[in-house]
Amino acid sequence: MTNNDIFKKLRVAHKLRDDDIVKILALVDFRISKSELNAFFRREDHPKYMECGDQILRNFLNGLIIHLRGPMPKKQKK
């Protein structure tokens, strides 16, 4: 299973649109355009298909955690 497959399945499972994914990636200070994002969801034989790298998937997963749970609370010093 490729990173693109994982990304697609998460998108469908969480019912995310392109705008939602761009906002989720922005939560971890990762900027991406909608056209770059759409290249990950194309078929492998499409001329504008792009392979999803580990960095993009990692940032998406970290952003998704923040999106679903909220930001981590700050630790208090004793």
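Before reading on, note that the structure itself is shown above.
Residues numbered from 1 in each chain as written. Predicted model: local features only at pLDDT ≥ 70, side-chain atom pairs only at ≥ 80, totals over all residues. Heavy atoms only, no water.

Caption draft 1: Broad picture of the packing of helix 1 (residues 3-13) against helix 4 (residues 54-69). Close contact between helix 1 and helix 4 brings their axes to 10 Å; oriented N to C, the two are set at 25°. One element, helix 1, and the other, helix 4, form an angle in the roughly parallel class. As helix 1 packs across helix 4, the resulting crossing turns out to be left-handed. For the pair helix 1 and helix 4, the contacting residues are Asn3, Ile6, Phe7 and Leu10 in the first and Asp54, Ile56, Leu57, Phe60 and Leu61 in the second. When its residues are assigned to classes, the contact of helix 1 with helix 4 shows seven nonpolar, one polar and one charged. (Axes fitted to C-alpha atoms, helices over the stretch in contact; angles between N-to-C directions. Helix = DSSP H or I, 4+ residues; strand = E, 2+ residues; numbered from the N terminus. Parallel < 35°, antiparallel > 145°, perpendicular 65-115°, else oblique. Left-handed = near helix turned anticlockwise from the far one by under 90°. Contact = heavy atoms within 4.5 Å. Nonpolar A, V, L, I, M, F, W, Y, C, P; charged D, E, K, R; others polar.)

Caption draft 2: How the structure looks around the side chain of Asp18. The topology assignment puts Asp18 in helix 2 (residues 18-26). Sequence-distant contacts of Asp18, that is, excluding residues within four places in its chain, are made with Arg11, Lys34, Leu37, Asn38 and Phe41.

Caption draft 3: Local environment of the packing of helix 2 against helix 4. Where helix 2 contacts helix 4, the axes come no closer than 7 Å and their chain directions differ by 90°. As the angle between them shows, helix 2 and helix 4 are arranged roughly perpendicular. Listed contacts from helix 4 to Ile21, Ile24 and Leu25 of helix 2 are Ile56, Asn59, Phe60, Gly63, Leu64 and His67. Across the contact of helix 2 with helix 4, the residue classes tally to six nonpolar, three polar and no charged.

Caption draft 4: Fine view of the nonpolar core. Phe7, Ile21, Phe40 and Phe60 are the most contacted members of the largest nonpolar core, which has 16 residues in total. Elements that contribute at least two residues to this core include exactly helix 1, helix 2, helix 3 (34-40) and helix 4. Sorting elements by how many residues they give to this core places helix 4 first, with four residues. Residues contacting Phe7, with those up to four places away along its chain left out, are Ile21, Leu37, Phe40, Phe41, Cys52, Ile56, Leu57 and Phe60. (Core = buried A, V, L, I, M, F, W, Y, C linked by side-chain atoms within 4.5 Å. Buried < 20%, exposed > 50% of the residue type's maximum accessible area, 1.4 Å probe, protein only.)

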